[in-house]
Amino acid sequence: MEKLKLVVALVIVGILGLQGISIAKDLSKNQMKKDQSNHNIKKETSMNAPNKFEFQPLPYAYDALEPFIDKLTVEIHYSKHHKAYYDNFINAIKGTEMESMGIKDIFKNVSKYPMAVRNNSGGYFNHTFYWESMKANGGGLPTGKLSETITKTFSSFDEFKKQFSDAGKTRFGSGWAWLCLDDEGSLFICSTPNQDNPLMDIAEKKGIPLLTMDVWEHAYYLKYQNKRPDYVEAFWNLVNWEEVAKRYESALK
Ligand SMILES: [Fe+2]
């Protein structure tokens, strides 16, 4: 009788054990699904907050900006140029206090750090900001409050477009054109050399960036060769005004 009880007990323990393994497997599967989902959310969020020192995925396919920016240019620009700035930035901050800082805090003190930090932190951030400033089938006109403020500040949208385009066309050598919000809540247009940006303490005029255009030759040379003005003109077909409006609303807060 005792033996029978022991056998029954062992069978029950065995069944419970198998159920336990099965439950553990299910839990583990669910956890993996959850982790994957969190990872995706993190990836999406990080595109809008490029301060996590990740090399964010391009928000569209390499050929999404055709015919205005060709596939090969986007591919090389993103996977070679942008990636190199990212890698060099990570190397430049390795083992320093900057590893635990936000990128905007690095910019605020960038003059105190080696030139490699200035060039590569800018190259890393500016390009992410540039990719997000564009989209397939972009362009058109801004809407809502941003549209009103642009018209009020620059007298018309065409005048804004002309001033922004000129900032890009006349930037000597390599650099960027920007639309920004200043400390007093006013819009202004500027350009920066190399990989500098208006968040850096060395900027001629500091502000919160809302829109940018890369005017380095690597951004347009394959398709437009030396004709930077043609690339600048084409850029207006790509502007992601919804994203610019979101940045404006957030900068006002
Ligand atoms: Fe670039």
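Everything in this summary refers to the structure shown in the same document. Along every chain, residues carry numbers that run from 1 in the direction the sequence is written. With pLDDT at 70 or above as the cut-off, local features in this predicted model cover only qualifying residues; side-chain atom pairs require 80 or more to be listed or tallied, and sums for whole chains, interfaces and linings still use all residues. Here the side-chain values reflect all heavy atoms present in the structure, with hydrogen atoms and water set aside.

## A word on the nonpolar core
Here's step 1: Within the largest apolar cluster, 63 residues are counted, with the highest numbers of intra-cluster contacts made by Phe-160, Phe-164, Tyr-231 and Trp-241.
Here's step 2: When residues no more than four places from it in sequence are discounted, the contact partners of Tyr-231 are Ile-69, Tyr-130, Met-213, Asp-214, Val-215, Ala-219, Tyr-220 and Tyr-224. We define a nonpolar core as any set of buried Ala, Val, Leu, Ile, Met, Phe, Trp, Tyr and Cys residues linked to one another through side-chain atoms lying within 4.5 Å. When a residue's accessible area, from a 1.4 Å probe over protein chains only, is under 20% of the maximum for its type it is buried; when over 50% it is exposed; and in between it is partly exposed. The contact rule is simple, with two residues in contact once any of their heavy atoms fall within 4.5 Å.

## Quick notes on the coordination of the iron ion
Here's step 1: Coordination shells were defined by N, O and S atoms within 2.8 Å of each metal, extended to 3.2 Å for Na, K and Ca; water is absent from the atom set, which can make sites look incomplete. Each protein donor to the iron ion is listed here as His-77 (NE2), His-127 (NE2), Asp-214 (OD) and His-218 (NE2); together their distances run 2.0 to 2.1 Å.
Here's step 2: Angle rules define the geometry names used: all angles between 85 and 135 degrees makes four donors tetrahedral, while opposite donors over 155 degrees apart and all other angles between 65 and 115 make four donors square planar and six octahedral, leaving every other case irregular. Taken together, the four donor atoms coordinating the iron ion and their angles of 87 to 132 degrees define a geometry best described as tetrahedral.
Here's step 3: Between consecutive donor residues of the iron ion, the sequence gaps follow H-x49-H-x86-D-x3-H. Placement of His-127 in helix H4 (residues 115-132) and of His-218 in the loop between strand E3 (208-214) and helix H7 (221-224) is noted, with a sequence separation of 91 residues between them.
Here's step 4: Residue class for His-127 comes out buried when judged on its relative accessible area of 0%. The helix and strand labels rest on DSSP assignments: H or I over at least four residues marks a helix, E over at least two residues marks a strand, and numbering proceeds from the N terminus.

## A short note on the pattern of salt bridges
Here's step 1: Any carboxyl oxygen of Asp or Glu that lies within 4 Å of a side-chain nitrogen of Lys or Arg is treated as forming a salt bridge with it. Under the criterion given, the structure shown has nine salt bridges.
Here's step 2: Linking Arg-118 and Asp-196 is a salt bridge whose minimum nitrogen-to-oxygen distance equals 2.9 Å. Placement of the pair is Arg-118 in helix H4 and Asp-196 in the loop between strand E2 (187-193) and E3, with a sequence separation of 78 residues.
Here's step 3: Each of Glu-132, Glu-243, Lys-246 and Arg-247 takes part in salt bridges that share partners, so that together they form one network.

## Re the packing of aromatic side chains
Here's step 1: Working definition: rings of Phe, Tyr and Trp (its six-membered ring) pair if their centres are within 6.5 Å, and the pair is stacked with planes under 30 degrees apart, edge-to-face with planes over 60 apart, and tilted otherwise. Tallied over the full model, the rule gives 25 aromatic pairs.
Here's step 2: For the ring pair Phe-125 and Phe-129, a centre distance of 5.6 Å and an interplane angle of 20 degrees mean the geometry is stacked. Taken together, the residues Phe-125 and Phe-129, both in helix H4 and four residues apart, mark about one turn of the helix. Like Phe-125, the residue Phe-129 is buried in the burial classification.
Here's step 3: Aromatic side chains Phe-157 and Phe-160 sit 5.7 Å apart centroid to centroid with 45 degrees between the ring planes, which places their arrangement in the tilted category. Of this pair, Phe-157 and Phe-160 are both found in helix H6 (residues 157-169), three residues apart, which corresponds to roughly one turn of the helix.

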